[in-house]
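# A structural walkthrough
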Amino acid sequence: MLAKYETAALTTPSTLHTPLRTTKPFRHIFIITGPAGCGKSSVAHYLSRTLDLPYIEGDDFHPQSNIDKMASGVPLTDDDRWSWLETLRSAAVTTLESGAPGCVVTCSALKRVYRDVIRQATRAADDVVVRFVYLRGNKELLLHRVKQRKDHYMKDDMVASQFAVLEEPWGEDDVISVDVSGTLEQVQRTAGEEVNRVIEGLA
Ligand SMILES: Nc1ncnc2c1ncn2[C@@H]1O[C@H](COP(=O)(O)OP(=O)(O)O)[C@@H](O)[C@H]1O
Ligand SMILES: O=C(O)[C@H](O)[C@@H](O)[C@H](O)[C@H](O)COP(=O)(O)O
């Protein structure tokens, strides 16, 4: 069982003039990332449910032109993605401004510059924290999982193009990396434990 979200606390530094410490909870935006088939939706639904945080599905924020493009097997370009990423970031910030203590967002965020667009959400307020959960799997595994998936516009022929532009987030200190080669239950549990460590201020 994950710890209650409300237990997370930011202790503001005391000064000579304010000897009493006040606490203020962080509001976390957890971005579940990785190429198609890595398990973003499956893991994000689990985190949203267990942490009782709103779920924002990145695919719901694409303009129709992007969906048509992906459905016809044409990879998106940077220019197709900028406004999508900004819209997604706004949706996360609006969710917090509406009173949510945090949220869980799915977004492939394949390149560092895309993650940087999302990172700008921290400018909304000093208690907003962005953490990425990168679901790490090799191309063959994700291809296999996308092939098994039904009723999704994104077909397996897009996986190779996603790996071609993927910049794995090594060295980015706001990223949790989770190996997805195990069962879905194992991956969900590991992601939950890692996210819980962040919420508790341990990571
Ligand atoms: N660890 C896993 N083991 C086996 N199947 C998985 C695992 N994670 C996800 N899947 C399955 O793989 C497919 C893709 O998962 P999904 O969550 O839709 O990925 P994404 O949102 O990243 O494209 C789904 O059919 C899902 O049930
Ligand atoms: O679940 C999936 O199949 C993917 O997440 C898919 O929906 C797509 O990756 C993104 O929505 C945007 O496309 P890019 O990853 O090419 O930016």
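The protein chain carries the name Gluconokinase in an unreviewed UniProt entry, which gives Pyronema omphalodes as its organism. Taken from UniProt, the Pathway (unreviewed entry) comment for the protein chain reads in full: "Carbohydrate acid metabolism; D-gluconate degradation."

In the region of ligand 1, 15 residues are neighbours, and Gly37, Lys40, Ser41, Ser42 and Arg149 sit closest. The backbone of Gly37 places a nitrogen or oxygen atom 2.9 Å from an oxygen atom of ligand 1. Arg145 is positioned such that a nitrogen or oxygen atom in its side chain is 3.2 Å from a nitrogen atom of ligand 1. Here ligand 1 loses 78% of its free accessible area of 560 Å² to cover by the protein chains. At the level of secondary structure, the elements contributing two or more residues to the shell around ligand 1 comprise helix H1 (40–51) and helix H7 (184–199). Examining the composition of the shell around ligand 1, we find that three residues originate from one element, H1, more than from any other. Looking at the shell around ligand 1 residue by residue, the classes come out as six nonpolar, six polar and three charged.

Formed by 25 residues in total, the largest nonpolar core has its most connected members in Ile29, Ile31 and Val105. Looking at this core, the elements that each hand over two or more residues are strand E3 (27–33), helix H3 (78–97), strand E5 (102–106), helix H4 (112–119) and strand E6 (128–136). By residue number, the principal contributor to this core is H3, which donates seven residues. When neighbours within four sequence positions are excluded, Val105 is seen to be in contact with Ile29, Phe30, Ile31, Ile32, Ile56, Leu88 and Ala92. Leu51, Ile176, Val178 and Val198 belong to the second largest nonpolar core, which has 21 residues in total.

This part covers the confidence of the model for the protein chain. Summing up the model confidence of the protein chain, the mean pLDDT is 89 and the portion of residues at 70 or higher is 88%. This stretch, residues 1–21, has a pLDDT under 50; its non-local contacts, to residues over four places away or in other chains, come to 36 contacts.

This part covers the sheet that holds E6. Where strands meet in a sheet, backbone hydrogen bonds hold them as pairs that are either parallel or antiparallel. Across the sheet, which stays open at both edges, the five strands sit in the order E4-E5-E3-E6-E7 with parallel pairing between neighbours. Looking along the sheet, the strands with just one partner apiece sit at the ends: strand E4 (55–57) and strand E7 (175–179). Averaged over all neighbouring strand pairs, the angle between strand axes comes to 20°, with direction disregarded. In terms of strand pairing, E3 meets E6 through seven bridges, oriented parallel. Along E6, the bridge assignment pairs Arg27 with Val128. Packing against the sheet, H3 makes contact with E3, E4, E5 and E6, and its axis sits at approximately 160° to E5.

Here we take up the packing of H1 against H7. Where H1 contacts H7, the axes come no closer than 10 Å and their chain directions differ by 50°. Taken together, the axes of H1 and H7 are oblique relative to one another. Helix-helix and strand crossings are classified by hand; for H1 and H7 the assignment is right-handed. For the pair H1 and H7, the contacting residues are Ser42, Val43, Tyr46, Leu47 and Leu51 in the first and Leu184, Val187, Gln188, Arg189, Ala191, Gly192, Val195 and Ile199 in the second. Residue classes in the contact of H1 with H7 are distributed as nine nonpolar, three polar and one charged.

A few words now on the packing of aromatic side chains. Evaluation of the coordinates by the stated rule reveals two aromatic pairs. On the basis of an interplanar angle of 80° and a centroid distance of 5.5 Å, the ring pair of Trp82 and Tyr114 is categorised as edge-to-face. Residue Trp82 is located in helix H3, and its partner Tyr114 is located in helix H4; the two are separated by 32 residues in the primary sequence. A relative accessible area of 29% places Trp82 in the partly exposed class. Residues Tyr134 and Trp170 carry aromatic rings whose centres are separated by 5.9 Å and whose planes lie at 75° to one another, so their mutual orientation is edge-to-face. Taken together, the residues span a long stretch of sequence, with Tyr134 in strand E6 and Trp170 in the loop between helix H6 (159–165) and E7 at a distance of 36 residues.

So, how was this worked out
- Residue indices follow the written sequence of each chain, beginning from 1 at its first position.
- To label them, take the chains in the order written and letter them from A, then take the ligands in the order written and number them from 1.
- In keeping with the model being predicted, local features are shown solely for residues with a pLDDT of at least 70 and side-chain atom pairs are shown and tallied solely at 80 or more, while totals for entire chains, interfaces and linings include all residues.
- Side-chain measures here rest on the full set of heavy atoms in the structure, leaving out hydrogens and waters.
- UniProt positions are given in the numbering used here, feature names are shortened, and annotations may be inferred rather than shown by experiment.
- Throughout, the term near means that a residue has one or more heavy atoms lying within 4 Å of the molecule or strand in question.
- A 3.5 Å cut-off defines polar contacts: any pair of N or O atoms within that distance qualifies, except that in protein one atom must be a possible hydrogen donor and the other a possible acceptor, and neighbouring residues in sequence count only when both atoms are side-chain atoms.
- Here the open area of atoms and residues is found with the Shrake-Rupley method and a 1.4 Å probe, where only the protein chains shown may cover a residue.
- Each helix corresponds to a stretch of at least 4 residues labelled H or I by DSSP, and each strand to a stretch of at least 2 residues labelled E; elements are numbered beginning at the N terminus.
- Note on residue categories: nonpolar means Ala, Val, Leu, Ile, Met, Phe, Trp, Tyr, Cys or Pro, charged means Asp, Glu, Lys or Arg, and polar means any other residue, Gly included.
- The definition of a nonpolar core used throughout is a set of buried Ala, Val, Leu, Ile, Met, Phe, Trp, Tyr and Cys residues joined through side-chain atoms within 4.5 Å.
- Under the scheme applied here, a residue whose accessible area is under 20% of the maximum for its type counts as buried, over 50% as exposed, and between as partly exposed, the area being computed with a 1.4 Å probe on protein chains only.
- It only takes one pair of heavy atoms within 4.5 Å for two residues to be counted as in contact.
- Scored from 0 to 100, pLDDT records how confident the predictor is in each individual residue.
- DSSP calls a pair of strands paired once it identifies at least 2 bridges connecting them.
- For every element, the axis is a line fit to its C-alpha atoms; helices are fit only across the contacting stretch, and the angle between N-to-C directions ranges from 0 to 180 degrees.
- Angle categories are assigned with fixed cut-offs, so that under 35 degrees is roughly parallel, over 145 is roughly antiparallel, 65 to 115 is roughly perpendicular, and the rest are oblique.
- Whether a crossing is left-handed or right-handed is set by the direction in which the near helix is turned from the far one by less than a right angle, anticlockwise for left-handed and clockwise for right-handed.
- Within 6.5 Å between ring centres, the rings of Phe, Tyr and Trp (the latter by its six-membered ring) count as paired, and their orientation is classed by plane angle as stacked under 30 degrees, edge-to-face over 60, tilted in between.

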